[in-house]
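Below, each chain spelled out in residue letters.
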Amino acid sequence: MRILLAILLTVSAAALPVLASAEVQTKAVDYMDEDVPLTGHLYWDDSIEGERPGVLVIHEWWGLNDYAKKRARMLAELGYVAFAADMYGNDQVTDDPSQAQEWMQYITADVELWRQRAGLGLAQLKASEYVDADKTAAIGYCFGGGTVMQMAYGGADVHGVVSFHGSLPAAPEEVWGKIEPEILVLHGQADSFIAPEVVTNFQNKLEEAGANWEMDIYGGARHGFTNPDAGDYGIDNLQYDAQTDARSWARMQAFFDELFAD
């Protein structure tokens, strides 16, 4: 009787449909900038068939840590392919502000290197079999926000860029009339890293450049308002703001809906 019951259970189980377990997949991608080894991380939802828009994610000045990867995963959950790029190389990640500043300044001191390093990350995204290479964008946080602005100024082949509590490099005169990507800047009004005159100059230069831009300023929000761990670094100006985080992420989604509309 037990043998018969086991056979019946086996047959019944075999007759049931097999349900695919759709989930976000990820893989590490190694690439080079001349002699500097870089490792980024690609994220995609394997339940989606065919090509889809791709989004490049540029990390904060700490390096390519779990926070940047989390944002890339969140983008994949929205149906995009996301690539969390590595701007420092050699697995350099820190929670020491002085070390982060040193690494960041090394990159930002040379605008061509800055743009080139970001462009290599974009190339990895576009190379993915899951990405519609004609529909891409870039987002960045802190140092990454400044990076995506430099991508826009440098002629990167993306439809749009989104800066979250980023540095605000002004558009240089040589790119006026040549900025193709649409620009969305999400900024905290209480961010003491960015002086009011820097904000004004940034806006004025974008206007003079004829860029397609929007800047949303959130009252009371400080630097790092999207990062729940911002307060752990011991810097008074770094503070998470849950409401501003949610609002800015929703604004990014609406921006992408419009940007990638067929």
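In the block above lies the structure referred to throughout.
A few points on the structure. Along every chain, residues carry numbers that run from 1 in the direction the sequence is written. Reporting of local features is limited, given that this is a predicted model, to residues whose pLDDT is at least 70; pairs of side-chain atoms are given and counted only at 80 or more, and all residues count toward the totals for whole chains, interfaces and linings. Hydrogens and waters are ignored; side-chain quantities use all the structure's heavy atoms.

1. So, the sheet that holds strand β5 (residues 131–141)
The following threshold applies: Strands were regarded as paired on the criterion that DSSP finds at least two bridges between them. Starting at the N terminus, helices and strands are each numbered in turn, a helix being any DSSP run of H or I of at least four residues and a strand any DSSP run of E of at least two. An axis is simply a line fitted to the C-alpha atoms; with a helix, the fit covers only the stretch in contact. Between two such axes, the angle follows the N-to-C directions and lies from 0 to 180 degrees. Throughout, a contact is declared for two residues whenever any of their heavy atoms are within 4.5 Å.
Here eight strands make up an open sheet; going across it, the order is β1-β2-β4-β3-β5-β6-β7-β8 and the pairing mixed. Sheet topology places β1 (24–33) and β8 (213–218) at the edges, where each strand pairs with a single neighbour. If you compare each strand with its neighbour and ignore which way they point, the axes differ by 20° on average. In terms of strand pairing, strand β3 (residues 52–58) meets strand β4 (residues 81–84) through four bridges, oriented parallel. Across the sheet, residue V55 finds its bridge partner in β4, namely A82. Contacting β1, β2 (36–45), β3, β4 and β5, helix α4 (residues 111–127) runs over the sheet at an angle of about 135° to β1. Here helix α5 (residues 143–153) sits on the sheet in contact with β3, β5, β6 (160–164) and β7 (182–188), set at roughly 135° to β5.

2. Focus: the pattern of salt bridges
Counted only if it meets this: Salt bridge criterion: a side-chain nitrogen from Lys or Arg within 4 Å of a carboxyl oxygen from Asp or Glu. The buried label applies to any residue whose accessible area, calculated with a 1.4 Å probe on protein chains only, is under 20% of its type's maximum; exposed applies above 50%, and partly exposed to all values in between.
Taken as a whole, this structure holds six salt bridges when the rule is applied. In this structure, the salt-bridge partner of D245 is R71, at a minimum N-O distance of 2.8 Å. Of this pair, D245 sits in helix α7 (residues 242–259) while R71 sits in helix α2 (residues 66–77), placing them 174 residues apart in sequence. Across this residue pair, the class does not change: D245 and R71 are buried. Close ionic contact of K126 with D157 constitutes a salt bridge, the shortest N to O distance being 3.5 Å. Of this pair, K126 sits in helix α4 while D157 sits in the loop between α5 and β6, placing them 31 residues apart in sequence. On the basis of relative accessible area, D157 is assigned to the exposed category, the value being 55%. Shared partners join several salt bridges into a network, and the residues in it are E214, D216 and R251.

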